[in-house]
Amino acid sequence: MRNPLAFYMETPAVAIETGKELTGTWWGDFRVGAEIGGLSGIKDTYKRGLELARTDKVLGTEFSLVLNWLSWYYEKDESKCKLFAKLWHEFDNWVLDNWSDEWKNYYLREID
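**Q** I'm lost on the overall build of the protein chain in this one. Help?
**A** Scanning the protein chain from terminus to terminus reveals 5 helices and 0 strands. Reading the secondary structure of the protein chain in the N-to-C direction produces α-α-α-α-α. Every one of the 112 residues in the protein chain was classed for burial, and the buried ones make up 38%. Within the protein chain, contacts between residues separated by at least 24 positions form 65% of all contacts whose residues are at least 6 apart in sequence. For the protein chain, the accessible area works out to roughly 6900 Å², and carbon and sulfur atoms hold 52% of it.

Written out as structure tokens, the structure reads:
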């Protein structure tokens, strides 16, 4: 029998396509939140990860990438798609307003 949470460890297709190697667990964390907790699970995962994402340029960049990728992943589920897009815009704006120039340069290079 297949583990119902096997998707937690999967590598997102978009990461493979773009050659991005994820070091964090954001993809799995948000997928579990979305699949088990729905919109409130997504919001909770975002809130719990935000402090770490804001204080680590690599994990913060991955946080942003995953939020964006998941907005596309859930494009057939309008409510999840819109929430992921909203959270991505919120975090992206925060990064651009608050990170140092060095961190922003890294961020912009990686998300491009």
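We are not done yet, so read on.
**Q** Would you explain helix H3 (residues 57-73) in this entry?
**A** Each α-helix turn comprises 3.6 residues. Residues three or four places apart therefore point the same way. Spanning 17 residues, H3 covers 24 Å between terminal C-alpha atoms, matching the ideal 24 Å at 1.5 Å per step. For H3, a buried count of 12 out of 17 residues is recorded, marking the element as mostly surrounded by other parts of the structure. All buried positions along H3 are accounted for by Leu59, Gly60, Thr61, Glu62, Phe63, Ser64, Leu65, Val66, Leu67, Trp69, Leu70 and Ser71. Its side-chain oxygen placed 3.0 Å from the backbone nitrogen of Val58, Asp56 serves as the N-cap of H3.

**Q** Even after reading the chapter, I still don't get the environment of Thr55, so can you show me in this structure?
**A** As for its position among the elements, Thr55 is in helix H2 (residues 26-55). In this structure Thr55 comes out as exposed when scored by relative accessible area, which is 54%. Taking the C-alpha atoms as reference, Thr55 lies 9.0 Å from Trp99; in sequence the two are 44 residues apart. Here the side chain of Thr55 touches Glu51 through a polar contact of 3.0 Å, landing on its backbone oxygen.

**Q** Would you mind showing me how to read the pattern of salt bridges here?
**A** Working definition: two side chains of opposite charge can pair if their charged atoms are close together. Evaluation of the coordinates by the stated rule reveals 6 salt bridges. Close ionic contact of Lys86 with Glu90 constitutes a salt bridge, the shortest N to O distance being 3.9 Å. Of this pair, Lys86 and Glu90 both sit in helix H4 (residues 78-98), 4 residues apart, which is roughly one turn of the helix. Classification of Glu90 as partly exposed rests on a relative accessible area of 37%.

**Q** Help me understand the side chain of Asp92 in this model?
**A** Relative to the elements of secondary structure, Asp92 occurs in helix H4. The buried charged residue Asp92 lacks any salt bridge, with Lys104 as its nearest oppositely charged partner at 11 Å. A distance of 2.6 Å separates the side chain of Asp92 from the side chain of Tyr107, its partner in a polar contact. Residues contacting Asp92, with those up to four places away along its chain left out, are Tyr107 and Ile111.

**Q** Where do I start with the packing of aromatic side chains in this structure?
**A** Given two aromatic rings, one states the distance between the centres and the angle between the planes to describe the pair. Summed over all chains, the structure comprises 12 aromatic pairs. Between the aromatic rings of Trp26 and Phe63, the centroid separation amounts to 4.7 Å while the plane-to-plane angle is 75°, which identifies the pairing as edge-to-face. Within this pair, whereas Trp26 is found in helix H2, its partner Phe63 is found in helix H3, the two being separated by 37 residues in sequence. By relative accessible area, Trp26 is classed as buried at 7%. On the accessibility criterion, Phe63 (0% relative accessible area) is buried. Note on Tyr74 and Phe84: the rings are 5.7 Å apart at their centroids and 10° apart in plane angle, and the pair reads as stacked. Of this pair, Tyr74 sits in the loop between H3 and H4 while Phe84 sits in helix H4, and the two are 10 residues apart along the sequence. Across the pair, exposure class does not vary: Tyr74 and Phe84 are buried alike. Its end group placed over the ring of Tyr106, Lys57 keeps NZ or CZ at 5.0 Å from the ring centre.

Rules and cut-offs
Residues numbered from 1 in each chain as written. Predicted model: local features only at pLDDT ≥ 70, side-chain atom pairs only at ≥ 80, totals over all residues. Heavy atoms only, no water. Helix = DSSP H or I, 4+ residues; strand = E, 2+ residues; numbered from the N terminus. Buried < 20%, exposed > 50% of the residue type's maximum accessible area, 1.4 Å probe, protein only. Contact = heavy atoms within 4.5 Å. Areas by Shrake-Rupley, 256 points an atom, 1.4 Å probe, with all protein chains shown as cover. Expected span 1.5 Å × (residues − 1). Polar contact = N/O pair within 3.5 Å; in protein donor to acceptor, adjacent residues only side chain to side chain. Salt bridge = Lys/Arg side-chain N within 4 Å of Asp/Glu carboxyl O. Lys, Arg positive; Asp, Glu negative; His and termini not counted. Phe/Tyr/Trp six-rings, centres within 6.5 Å; stacked < 30°, edge-to-face > 60°. Lys NZ or Arg CZ within 6 Å of the ring centre and 35° of its normal.

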